[in-house]
Amino acid sequence: MAGEPERDPGTSTQVQGPRYYLKSATNGRGGLNVYVSNRRSSFCEQQRDGQNSFSFRDFLKSKLFVSILIVGAVFITLICIGLVVMYERDGKVTQTIDVWRDKLTPEQLVWFESGLDELKNALTIQSNTKRAKNVILFVGDGMGPVSTTAGRIFKHGEGGRLSWESFPHMGLLKTYATDKQVPDSSSTATALFGGVKANYNTNGVDSGVPFADCQASLNKSHHVESILHWAQKAGKGTGFVTTTRVTHATPASLYANVADRAWECDATVPQDAKRLGCLDIARQLVEEDPGQKLNVIMGGGRQCLVSGVEGSAADPLDTWSCNSVDGRDLIEKWRNDKIEKEHSHVVLQNNSDLANFDESSEYVLGIFANGHLKYEDERDKGEAGMPSLENMTAAALRVLRRHQNGFFLVVEGGMIDQAHHRGWAKRALTELAMMDDAVAATLKIMARELDETLIIVTADHAHTLSLNGYPEKGSSVFGVAQNSRADNIPYTTLTYATGGPDGFQVDVDGEGKARRRDPTLQDTEGFTYVQQVGILTDENTHGGVDVAVHAMGPMAHLFHCVHENSYVAHVISYAARIGRFRDSSAAGAFFNLLGLS
């Protein structure tokens with residue numbers, strides 16, 4: 001075209017008017033193709049062609065960039081808010097302890113600070129899912145929830161805690177027997193130790209064995225194996241400690257299978273039962289498995305093991321118990337069995353023996369009383385006297401800790417129950433305080449092994465003790481709560497629903513009206529003061545309420561709600577991998593090799 005400058009092939013020229021761009025290129029045959037595009041030239045092309053330059057610095061200063069920043073910030077903020085809302089909607093909170101510093105009165109601040117301390121502690125709790133090498137089971141006989149509360153106030157004050165009340169895990173146990181709403185100690189012990197609920201007054205047999213039915217009890221398919229059997233089969237050391245007779249209802253369920261808990265020795269077993277072949281509890285302890293394989297046995301009950309023992313003021317015969325008459329000496333038989341098998345052993349009879357025995361002994365039999373051990377407030381603490389629950393527990397632990405495969409120990413505070421039956425609330429709570437000492441001592445002794453030791457504290461059943469009225473905070477739990485608004489006669493903070501004649505303190509006045517006696521006319525702080533009762537019976541009865549179970553160590557978190565009392569044995573079995581949860585032979589050998597059994 002005339003007058004138009006000539007363009008080289010491969011160049012582009014911007015056409016004036018609408019922002020279109022022309023591009024040309026040779027078509028390979030000497031011709032020229034022209035393209036129309038609305039894309040700007042590249043930055044390099046603009047620089048080369050001398051057009052207006054564009055820089056990143058200019059972009060950062062532009063309104064567009066500022067707008068992008070604002071929109072992005074708003075978008076991110078909305079996302080964060082949404083995530084927080086969703087997180088809180090799911091009921092989850094972060095484990096932080098930042099709190100609003102509100103202005104509080106000193107009266108409020110003390111409780112907020114206390115709550116914060118407990119919250120901090122709770123947030124640190126983690127479940128221990130290791131295998132339990134050792135298991136220690138404490139049973140407070142008759143230690144129901146009211147006993148525990150009253151015992152806490154008695155020993156530590158309203159704001160204090162018993163040694164096991166700081167354990168991180170707990171639950172409640174239902175205590176009924178298969179045939180009774182309110183149980184006895186033998187049926188509940190069978191459930192705790194064997195994982196199977198049983199009939200009232202039976203030991204170590206299931207509900208297919210009626211009370212006192214010797215013939216049914218001889219059927220071994222109805223025998224309930226206890227955790228003691230399971231632990232021994234797993235190669236663990238085993239033992240039990242009690243402040244009652246070693247043949248009494250609670251410990252008997254560990255090793256005996258009888259249709260009547262009263263068959264503690266020969267004198268109480270009916271002749272027809274003897275002819276059928278039913279063995280008394282004492283003989284099963286010494287002559288049968290798992291009793292004869294126990295590494296530690298400590299408690300009372302000499303009169304059930306040996307015939308013809310004589311009582312004394314310091315160690316009277318127990319008139320409530322069996323007194324052997326067949327000429328037996330099961331203590332000597334136990335000793336001869338250990339000599340024959342070439343096992344190191346020792347027999348202990350008093351505080352001096354317990355304090356000085358050879359702790360490397362494989363087997364220890366401590367029989368410290370003809371019947372039950374003395375109550376803590378009356379026992380002789382000298383060399384010839386009887387040991388405390390803490391003394392026996394500490395000694396048992398020193399023996400059992402030597403077992404490479406670990407151990408299983410049961411500790412029973414049995415005299416809590418005995419004092420409650422007599423209506424002696426102060427004695428009962430003093431015995432509970434002694435169990436508190438035994439648990440505290442255990443925690444110290446096992447301090448380096450707590451991570452591999454399952455410790456459980458519970459009760460077999462409750463009593464009918466109640467905590468009444470509106471006593472002032474800080475007052476003695478054994479004192480007077482207030483005057484009755486009906487008859488203006490004082491009543492004590494602690495009373496029982498049922499009890500014997502000494503507790504049924506009601507007289508008929510001159511007008512023929514029944515009037516309760518004034519308890520302030522007696523020493524309500526005395527160990528043998530009998531609390532008033534509402535219903536007259538021969539003795540204070542058990543209570544049927546749920547009892548607490550506290551736990552720490554491997555698998556302790558499995559106690560978490562309301563359980564059957566038989567559940568305890570299954571937790572122990574699972575945690576220690578014994579009984580039905582035992583390892584296969586190969587797995588067991590592997591863990592033994594690693595020292596993890």
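Residues numbered from 1 in each chain as written. Predicted model: local features only at pLDDT ≥ 70, side-chain atom pairs only at ≥ 80, totals over all residues. Heavy atoms only, no water.

> Outline the overall build of the protein, listing residues and values.
Counting secondary structure elements, the protein contains 19 helices and 22 strands. Burial analysis of the protein (597 residues in total) assigns 47% to the buried set. The long-range fraction of contacts in the protein, counting pairs at least 24 apart against all pairs at least 6 apart in sequence, stands at 69%. Carbon and sulfur atoms make up 53% of the accessible area of the protein, which totals about 30700 Å². (Helix = DSSP H or I, 4+ residues; strand = E, 2+ residues; numbered from the N terminus. Buried < 20%, exposed > 50% of the residue type's maximum accessible area, 1.4 Å probe, protein only. Contact = heavy atoms within 4.5 Å. Areas by Shrake-Rupley, 256 points an atom, 1.4 Å probe, with all protein chains shown as cover.)

> Could you give an account of the sheet that holds strand 13 (residues 465-467), naming the residues involved and the relevant values?
The strand order across the open sheet formed by three strands is 13-16-19, and the pairing between neighbours is mixed. At either margin of the open sheet sits one strand with a lone partner, and together these are strand 13 and strand 19 (533-536). Ignoring strand direction, the axes of neighbouring strands in this sheet form an average angle of 20 degrees. (Pairing = 2+ DSSP bridges. Axes fitted to C-alpha atoms, helices over the stretch in contact; angles between N-to-C directions.)

> Got a sec to walk through the side chain of Asn295? Specific residues and values, please.
With respect to the helices, strands and loops of the structure, Asn295 is situated in the loop between helix 11 (281-287) and strand 7 (296-300). Residue class for Asn295 comes out buried when judged on its relative accessible area of 6%. A distance of 3.1 Å separates a polar side-chain atom of Asn295 from the backbone oxygen of Glu362. Setting aside anything within four residues of it in sequence, one finds Asn295 in contact with Lys236, Gly237, Thr238, Glu362, Tyr363, Val364, Leu400 and His403. (Polar contact = N/O pair within 3.5 Å; in protein donor to acceptor, adjacent residues only side chain to side chain.)

> Account for the state of the cysteines, naming residues and giving values.
Working definition: the covalent bond between the sulfur atoms of two cysteines is a disulfide. Across all of its chains, the model carries two disulfides by this definition. The disulfide partner of Cys214 is Cys278, and the gap between their sulfur atoms is 1.9 Å. Torsion about the S-S bond of the Cys214 and Cys278 cystine: about 110 degrees, corresponding to right-handed handedness. Here Cys214 is found in helix 7 (residues 214-217), whereas its partner Cys278 is found in the loop between helix 10 (271-276) and helix 11, with 64 residues between them in sequence. When its relative accessible area of 5% is taken as the criterion, Cys214 is described as buried. For Cys278, a relative accessible area of 9% puts it in the buried group. (Disulfide = S-S within 2.5 Å.)

> Which residues make up the nonpolar core, and what are the values?
In terms of nonpolar packing, the biggest core is built from 100 residues, with Leu137, Met298, Leu305, Phe408 and Ile572 touching the most fellow members. Ranked by residues supplied to this core, first place goes to helix 15 (residues 389-400) with seven residues. Leu305 has contacts with Val246, Ala282, Leu285, Val286, Arg328, Asp329, Leu330, Ile331 and Ile367, leaving out every residue within four places of it along the chain. (Core = buried A, V, L, I, M, F, W, Y, C linked by side-chain atoms within 4.5 Å.)

> Can you explain the environment of Thr129? Please cite residues and give values.
Within the secondary structure, Thr129 is located in the loop between helix 4 (106-123) and strand 4 (134-140). Expressed as a C-alpha distance, the spacing of Thr129 and Gly553, which sit 424 residues apart in the sequence, is 8.6 Å. Residue contacts for Thr129: discarding those within four places in its chain leaves Met555 and His557.

> Can you lay out helix 16 (residues 415-422) for me, pointing to particular residues and giving the numbers?
Counting buried residues along helix 16, seven of its eight residues qualify, which places the element largely inside the surrounding structure. Met415, Ile416, Asp417, Gln418, Ala419, His420 and His421 are the residues of helix 16 that are buried. Following helix 16 by one or two positions, Gly423 adopts a phi angle in the positive range, close to 85 degrees.

> Quick rundown of the sheet that holds strand 6 (residues 237-245)? Include the residues and the values.
Sheet architecture is open: ten strands sit in the order 8-9-7-6-10-4-11-21-5-22, paired in mixed fashion. A single partner strand is all that each edge strand has here, and the edge strands are strand 8 (345-348) and strand 22 (562-564). For this sheet the average axis-to-axis angle between neighbouring strands, irrespective of direction, equals 15 degrees. For strand 7 and strand 9 (residues 363-367), the ladder comprises four bridges, and the chain directions are parallel.

> Any chance you could break down the packing of helix 15 against helix 17 (residues 425-445) for me, citing the residues and the numbers?
In contact at an axis separation of 8 Å, helix 15 and helix 17 are set at 25 degrees when each is read in the N-to-C sense. Considering the angle they form, helix 15 stands roughly parallel to helix 17. The element helix 15 and its partner helix 17 pack so that their crossing is right-handed. Across the interface between the two elements, Leu389, Glu390, Thr393, Ala394 and Leu397 from helix 15 touch Met435, Asp437, Ala438, Ala441, Thr442 and Ile445 from helix 17. A breakdown of the residues in the contact of helix 15 with helix 17 according to their chemical character gives seven nonpolar, two polar and two charged. (Parallel < 35°, antiparallel > 145°, perpendicular 65-115°, else oblique. Left-handed = near helix turned anticlockwise from the far one by under 90°. Nonpolar A, V, L, I, M, F, W, Y, C, P; charged D, E, K, R; others polar.)

> How would you summarise the pairing of strand 8 if you had to cite specific residues and measurements?
Two strands pair when backbone bridges link them, and strand 8 and strand 9 are joined in this way by four bridges, in the parallel orientation. Pairing of Val347 across the sheet is with Leu365, part of strand 9. Taken together, strand 8, helix 14 (residues 351-356) and strand 9 form a β-α-β motif whose crossover is right-handed. (Right-handed = clockwise from strand over helix to strand, strands pointing away.)

> An account of helix 17 is requested, with residue identities and associated values reported.
If you check helix 17, its first and last C-alpha atoms are 30 Å apart, about what 21 residues at 1.5 Å a residue would give, namely 30 Å. Here helix 17 lies mainly inside the structure; 16 of its 21 residues are buried. (Expected span 1.5 Å × (residues − 1).)

> Let's hear about the pattern of salt bridges: which residues, and what values?
One pass over the structure, following the stated rule, counts 33 salt bridges. Here Lys197 and Glu564 are joined by a salt bridge, their closest N and O atoms 3.6 Å apart. Pair noted here: Lys197 is in the loop between helix 6 (185-194) and helix 7 and Glu564 is in strand 22, with a separation of 367 residues, a long-range link. Glu332 serves as the salt-bridge partner of Arg335, at 3.3 Å between the closest nitrogen and oxygen. You can see Arg335 and its partner Glu332 sitting in helix 13 (residues 330-340), three residues apart, about one turn around the helix. Glu332 sits in the partly exposed class, given a relative accessible area of 33%. (Salt bridge = Lys/Arg side-chain N within 4 Å of Asp/Glu carboxyl O.)

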